[in-house]
Amino acid sequence: MAERIEGMSIALKLETLQLDRGLTGLKDRFKTVNSEMKANLSAFDRGEQSIEKYEVTLQGLSKKLEIQKRIVSESRAEYEKMVKEHGEGSKQAEAAARSFNNQVAALNNLERSVNRTSHSLTDLKQEQGALESGWNKIGSLIDKTGSSLTGLSSKMQGVGSTLSSSLTLPIIGAGAGIMGLATKFNDSSVKISNSLGTSTKETKKFTEASRNIYKDGFGESLEEVDNALLETKQNIKNINHEDLEDITKKALTLANTFDADVNEVTRAGNSLIQNYGMDAKAAFDLMAKGAQNGMNFSKEMFDNMSEYTISFKEAGFSANEMFSILSNGAKKGYNLDRLNDTMLEFKLQSEDSSKSYMGAMDKMSASTRKVYEEYQNGNATVADLYKAVIPNLQKMRKELPEKEFNTIGKALFGI
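Residue indices begin from 1 for each chain and proceed along its sequence in written order. Note on the predicted model: pLDDT of at least 70 is required for a residue's local features to be given, and 80 or more for side-chain atom pairs to be given and counted; whole-chain, interface and lining totals, by contrast, use all residues. Hydrogen atoms and water are omitted, and side-chain values are computed over all heavy atoms in the structure.

**Overview of the packing of helix 12 (residues 301-315) against helix 13 (residues 319-331)**
All axes here are fitted lines through C-alpha atoms, helices being fitted over the stretch that makes contact, and every angle between N-to-C directions spans 0 to 180 degrees. Numbering goes from the N terminus for both helices and strands, where a helix is a DSSP run of H or I of at least four residues and a strand is a run of E of at least two. Across the interface, helix 12 lies against helix 13 with an axial gap of 11 Å and an inter-helix angle of 130 degrees. When the axes of helix 12 and helix 13 are compared, the pair comes out oblique. When you trace helix 12 past helix 13, the crossing you get is right-handed. In this structure, helix 12 contributes M301, M305, T309 and F312 to the contact, and helix 13 contributes M322, F323, I325 and L326. Here the residues of the contact of helix 12 with helix 13 are counted per class, giving seven nonpolar, one polar and no charged. Our angle categories are set so that under 35 degrees counts as roughly parallel, over 145 as roughly antiparallel, 65 to 115 as roughly perpendicular, and the remainder as oblique. In this scheme the crossing of two helices becomes right-handed for a clockwise turn of the near helix relative to the far one and left-handed for an anticlockwise turn of less than a right angle. A contact between two residues is defined here by any heavy atoms of the two lying within 4.5 Å. Each residue is assigned to one class: nonpolar for Ala, Val, Leu, Ile, Met, Phe, Trp, Tyr, Cys and Pro, charged for Asp, Glu, Lys and Arg, and polar for all the others, Gly among them.

The structure is reproduced here in structure tokens:
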């Protein structure tokens, strides 16, 4: 296969998307990125199906999607300007509305292309790197995820950048448009009051938050936004009203971008908040970074976060360490369920300390046995033990007969 064309990558950080030329400048940028994508894909055969080609395609589509979102936002602003200057229903406003609707349709089409390509990439990864069963096949998993523990935070640094700067949806439903923003707010207020049992004053605050979220372009209907706000309020314990609006937007963005639902996303966020003591913003930014690093390729990331975060916390792993381990494994095509179960089994075996486990530990290096002694005395965590054991196993995999290596692995991981 031909080499990829070098020097064609175009940085598209939001701050570089200057709007001095307005929609015209954005549309020109879109054309440039489209030509870049075509140039990069020309290095592959037309009928080729490879992980690299799918990844290059996704990279190009993601850049186009980023610009298209800005085009939609500018188109909406242009419509509102025409309404203000010429009146609703005027020739200028109608033309701007048609342009806006066309750009929304283009955005929705791009998102479908991203989803189709992402699913195809997932299927191909599963075909080429299908999860092996049994300990005798899990050695490669250790090779591919364990060594990354020496630089755990490198992949996850930059989490401080906000989710809104890394994932700037918002989705504006073509059916919703911008014509009916003043409708159904009374029904919305009643639904919120009934669901939360709030006073008239509190209900007004929640209704205003829902209206703001919807007017900012999130959700395809007011009902969807109401449901998202209610699920965010109910799933994230003790969230204050000031954060509720922002976090609901983040939950909608993550759910729509990564083919999940708000209930899953907010339960996952709450698990991070409760177990690691981080604030809601940090939790959602971390999930966004993890999903962008491939953790959601099998569409189970948020559900897994809800279930297994507590196990990683109890084992002594930091949130960044947990995300690094799972992200590195997911990039190799390993489902999060298996990765989480592997870690949980390691934790359970270390706590059980059976005869076979002790025999396997005797095969470890002196420094690892020292960590195990500290663990038994309560001065080290499961995470410390894991970080000590993995390099030993990587070395044994190369030096020991397969049968002996498998026996040690089964004792340590219970698989």
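**Considerations on the pattern of salt bridges**
A pair is scored as a salt bridge if a Lys or Arg side-chain nitrogen falls within 4 Å of a carboxyl oxygen belonging to Asp or Glu. With the rule as written, the count across this model stands at nine salt bridges. Of the charged contacts, one joins K63 and E36 as a salt bridge, the two residues approaching to 2.9 Å between their closest N and O atoms. Highlighted residues: K63 in helix 2 (residues 51-86) and E36 in helix 1 (residues 22-41), separated in sequence by 27 residues. Between buried and exposed lies partly exposed: a residue is buried under 20% and exposed over 50% of the maximum accessible area for its type, with that area taken using a 1.4 Å probe on protein chains only. The class for E36 is buried, based on a relative accessible area of 4%. Close ionic contact of K387 with E321 constitutes a salt bridge, the shortest N to O distance being 2.6 Å. Of the two residues, K387 sits in helix 17 (residues 382-399) while E321 sits in helix 13, which places them 66 residues apart along the sequence. Judged by its relative accessible area of 29%, K387 is partly exposed. Under the relative-accessibility criterion, E321 is labelled buried at 13%.

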